[in-house]
Amino acid sequence: MLRPIALVYASAPSLETRAQIRFVIGTPVVFRRGSEDEVRRLLRHWRAELSPTLESSDEDLFVSGFDDDESLKDLASEAPIIRLVNHLFARALDLDASDIHFEPSENTLDVRCRVDGIMTRIERLPVKIHTAVASRLKLMARLDIGEKRLPQDGRIDYKLGAKQLDMRVSTLPGVHGESIVLRILDRSDTAVELVELGMPQDLLASYENVVTQPHGMVLITGPTGSGKTTTLYATLEKISNEKQKIITVEDPVEYQLDGITQIQANASIGLGFAEGLRSIVRQDPDILMIGEIRDHETAEIAIESALTGHLVFSTLHTNDAAGAVTRLQDMGVEGYLISSSLLAIQAAAFGAPRVYRMRRDSSAESRRSARTRYRQRRVRRDKTRQRLRTLWSNRLSWPRRLIRIAVNERRDSASDRERRRCQQYQRHRDKGWHAHLAPRRVRKTARRINHA
């Protein structure tokens, strides 16, 4: 007797649907209601376990050596390759991946995803299907599928279930074939808030105080995929109101925000960040957001805007917060302009322990903590001075060298052996013994230090 198959559902299927499922499967089926989280978890599990396999008849179709564009289009439109590419997209979304990498080698085609900043391999395919996969991705991105010698950039609009995805496609010719990378942007996902970024509470309060300043520049730094743009969107959501005009220039526009004018940069038609900024300044904005500072011209216009009464937000590709200043100087920005316009630099590191470094903080709480540290240093210094005065008043005829030994041993340049001998010499004097009764080596050491 066949063992029944359990089918878990979140919303109950109709009787007709149940009958169709039993007819297709051909074995007894037991339907069970489950929560949405359970169904989603089971889908992710079995999607990873039941990867689509290519039959031997299908593998004969996916061979290299096509020179005709029409043949490549027909190859990319085959049902097995479409199922495979759609399956890989679904696997990447199950993992909440930010990028998908198709990397051909001599014998295999590795498909890897970047999850929380770490590369994870999700599939290893035979290299013979690389041409079909690359052609399918190029066809979806509206690229030239016959061009394999030059890098290409494109975009894929893809809908999977209720999610509307925008994928940026980049191809790069390699020794074993084209390496293709897709950057995944989920347009159906709303921008997060600042409190959801994992920022410590004290730094969150400091950052919120900085972003409400009337003018200046705030930079978000970090490597690719660390969450720089997400932090900027969360910041704009925090400070957006009807009393301020906010304009952004981005490439691409990842999230659409209400009440904010967002400009899509397009270098192919001459609308880059620098060109967009020149036009934005004439629109009388209060707050500017620049997707990325890449060159001297963009940095110069951003700093001039910050110095002329605008609040400017932007990102820089550096490993830490301290590297942002060096990066701006490498672009040709003068140091006095950086110091007069820069409010704060924050380093984003999502997927790892989140570290936020503030360059400068003008909050009252920060000033109070600085005054407290200064008072503590003064108290320690006064105690040290009082201890020195007490020792000096009871010094008898002790040399200053021995006083420093008693106050702070770390600053003593004498060896441990000499210090022990000096302490023994002190015990002789405290007990009222004559100095000449001390051992000869002790008297010799004390005499040498006294004359030093």
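Residues numbered from 1 in each chain as written. Predicted model: local features only at pLDDT ≥ 70, side-chain atom pairs only at ≥ 80, totals over all residues. Heavy atoms only, no water.

### Digging into the pattern of salt bridges
No. 1: Applying the stated criterion to the full structure yields 10 salt bridges.
No. 2: The partner of Glu 123 in a salt bridge is Arg 91, and the shortest N-O contact between them spans 3.7 Å. Here Arg 91 lies in helix 5 (residues 79–94) and Glu 123 lies in strand 5 (residues 118–126), a separation of 32 residues in the sequence. Neither residue differs from the other here; Glu 123 and Arg 91 are each classed as buried.
No. 3: Note that Arg 124 is salt-bridged to Asp 110, the shortest N-O span being 2.8 Å. Pair noted here: Arg 124 is in strand 5 and Asp 110 is in strand 4 (residues 108–115), with a separation of 14 residues, a long-range link.
No. 4: Classification of Asp 110 as buried rests on a relative accessible area of 14%. (Salt bridge = Lys/Arg side-chain N within 4 Å of Asp/Glu carboxyl O. Helix = DSSP H or I, 4+ residues; strand = E, 2+ residues; numbered from the N terminus. Buried < 20%, exposed > 50% of the residue type's maximum accessible area, 1.4 Å probe, protein only.)

### Quick look at the environment of Arg 32
No. 1: Tracing the backbone shows Arg 32 in strand 2 (residues 29–33).
No. 2: Along the sequence, Arg 32 and Tyr 9 sit 23 residues apart, while their C-alpha atoms lie 6.4 Å from each other.
No. 3: With sequence-adjacent residues up to four places away left out, Arg 32 is seen in contact with Leu 7, Val 8, Tyr 9 and Glu 38. (Contact = heavy atoms within 4.5 Å.)

### Side note on the confidence of the model for the protein chain
No. 1: Taken as a whole, the protein chain shows an average pLDDT of 76; of its residues, 71% reach a score of 70 or greater.
No. 2: Under a pLDDT of 50 for its full length, residues 409–414 has, in the predicted model, seven contacts with residues more than four places off or in other chains. (pLDDT = per-residue confidence, 0-100.)

### Digging into the sheet that holds strand 13 (residues 311–316)
No. 1: Here we have six strands laid out as an open sheet, ordered 11-10-12-13-9-14, and parallel in their pairing. Each edge of the open sheet is held by one strand with a lone partner, namely strand 11 (261–264) and strand 14 (342–347). Neighbour to neighbour, the strand axes of the sheet diverge by 15° on average, direction disregarded.
No. 2: When strand 9 (residues 216–221) meets strand 13, the two strands line up parallel, connected through six bridges. (Pairing = 2+ DSSP bridges. Axes fitted to C-alpha atoms, helices over the stretch in contact; angles between N-to-C directions.)

### So, the sheet that holds strand 4
No. 1: Ordered by their spatial adjacency, six strands build an open sheet running 5-4-3-8-7-6, and the pairing between neighbours is antiparallel. Sheet topology places strand 5 and strand 6 (152–160) at the edges, where each strand pairs with a single neighbour. When strand polarity is set aside, the average angle formed by the axes of neighbouring strands in this sheet is 20°.
No. 2: Where helix 5 meets the sheet, it contacts strand 3 (99–104), strand 4, strand 5, strand 6, strand 7 (163–173) and strand 8 (178–186), and its direction lies at approximately 160° from that of strand 5.

### Some remarks on the pairing of strand 2
No. 1: Looking at chain direction, strand 1 (residues 5–9) and strand 2 are connected through five bridges and run parallel. Each residue of the ladder has a partner; that of Val 8, found in strand 2, is Arg 32.
No. 2: Traced from strand 1 through helix 1 (residues 15–25) to strand 2, the parallel crossover comes out right-handed. (Right-handed = clockwise from strand over helix to strand, strands pointing away.)

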